[in-house]
Amino acid sequence: MGSEMCIRDRYDVVWAICDVKICFGINDMYTSDFFSKELQRINVMDIADKKAGIIITREELMFMPENECVVIINDFGAIVDRKYDLRNHLLFSKINHHV
């Protein structure tokens, strides 16, 4: 109960001091509620569709396409963008991988 309880109770402090938050995908209601509440407070821009001021619901976060992510940047807003496919990186062939 000790450290686990402390971490669970203080997630808001960690969240508040992060300048950049990235959502690669969510599979639980708790995290989706958390992200969606943050996204309601700020301007969200969809890079792929070139739309600004979009609203992302918690359900949309939970069923976000695998190739998309949401990046929240303090004092800027949030963007929805496509994930970078690491297999396209110049050094990908040099690493030991199981893909």
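Below, the structure is looked at part by part. (Residues numbered from 1 in each chain as written. Predicted model: local features only at pLDDT ≥ 70, side-chain atom pairs only at ≥ 80, totals over all residues. Heavy atoms only, no water.)

### Observations concerning the overall build of the protein
Okay, step 1: A tally of regular secondary structure across the protein gives four helices and five strands.
Okay, step 2: In sequence order, the secondary structure elements of the protein are arranged as α-α-β-α-β-β-α-β-β.
Okay, step 3: Across the 99 residues that make up the protein, the buried fraction comes to 23%.
Okay, step 4: Across the protein, the fraction of contacts at a sequence separation of at least 24, relative to all contacts at a separation of at least 6, is 54%.
Okay, step 5: Total accessible area on the protein is roughly 7,700 Å²; 58% of this is exposed by carbon and sulfur atoms. (Helix = DSSP H or I, 4+ residues; strand = E, 2+ residues; numbered from the N terminus. Buried < 20%, exposed > 50% of the residue type's maximum accessible area, 1.4 Å probe, protein only. Contact = heavy atoms within 4.5 Å. Areas by Shrake-Rupley, 256 points an atom, 1.4 Å probe, with all protein chains shown as cover.)

### Quick notes on the sheet that holds strand 3 (residues 51–52)
Okay, step 1: The five strands are arranged 1-4-5-2-3 in an open sheet whose pairing can be described as mixed. Looking at the sheet topology across the chains shown, the edges are occupied by strand 1 (20–23) and strand 3.
Okay, step 2: Alignment of strand 4 (residues 68–73) against strand 5 (residues 77–82), held across six bridges, turns out to be antiparallel. What sits directly across from Glu68, in strand 5, is Arg82.
Okay, step 3: Sitting on the sheet, helix 3 (residues 29–40) touches strand 1, strand 2 (44–46), strand 4 and strand 5, and the angle it makes with strand 4 is about 55°. (Pairing = 2+ DSSP bridges. Axes fitted to C-alpha atoms, helices over the stretch in contact; angles between N-to-C directions.)

### Structural notes on the layout of surface pockets
Okay, step 1: Of the voids in this model, the largest pocket is the one considered here, and its volume is about 180 Å³.
Okay, step 2: Around the largest pocket sit Asp46, Asp49, Ile54, Ile55, Ile56, Glu60, Met64, Pro65, Glu68, Val70 and Val80, which together line it.
Okay, step 3: Here the lining of the largest pocket is composed, by residue class, of seven nonpolar, no polar and four charged. (1 Å grid on protein atoms, 1.4 Å probe; cavity = no way out; pocket = protein on both sides within 12 Å on 5 of 7 lines; lining within 4 Å. Points joined across faces, edges and corners; volume = space filled by probe spheres on them. Nonpolar A, V, L, I, M, F, W, Y, C, P; charged D, E, K, R; others polar.)

### Some thoughts on the nonpolar core
Okay, step 1: Counting 12 residues, the largest nonpolar core consists of Cys23, Ile26, Phe35, Leu39, Val44, Ile56, Leu61, Met64, Val70, Ile72, Ala78 and Val80.
Okay, step 2: Those elements that place two or more of their residues in this core are helix 3, strand 4 and strand 5.
Okay, step 3: Setting aside residues up to four positions removed in sequence, Met64 forms contacts with Cys23, Phe24, Gly25, Cys69 and Val70. (Core = buried A, V, L, I, M, F, W, Y, C linked by side-chain atoms within 4.5 Å.)

### Notes on unusual backbone geometry
Okay, step 1: Phi at Asp75 is positive, roughly 60°, even though this residue is not glycine.
Okay, step 2: Mapped onto the elements of the fold, Asp75 is located in the loop between strand 4 and strand 5.

### Comments concerning the side chain of Asp46
Okay, step 1: Residue placement: Asp46 occurs in strand 2.
Okay, step 2: Although Asp46 is buried, it forms no salt bridge, and the closest oppositely charged side chain is Lys51 at an N-O distance of 6.8 Å. (Lys, Arg positive; Asp, Glu negative; His and termini not counted. Salt bridge = Lys/Arg side-chain N within 4 Å of Asp/Glu carboxyl O.)

### Overview of the pattern of salt bridges
Okay, step 1: In the structure shown here, the tally under the stated rule is four salt bridges.
Okay, step 2: Between Arg41 and Glu38 there is a salt bridge, with the nearest N and O atoms lying 3.0 Å from each other.
Okay, step 3: When its relative accessible area of 60% is taken as the criterion, Arg41 is described as exposed.
Okay, step 4: Take Glu38: its relative accessible area is 11%, and that puts it in the buried class.
Okay, step 5: Where Glu59 meets Arg58, a salt bridge forms, and the shortest distance between an N and an O atom there is 3.2 Å.
Okay, step 6: Among the residues examined, Arg58 registers a relative accessible area of 31% and is labelled partly exposed.

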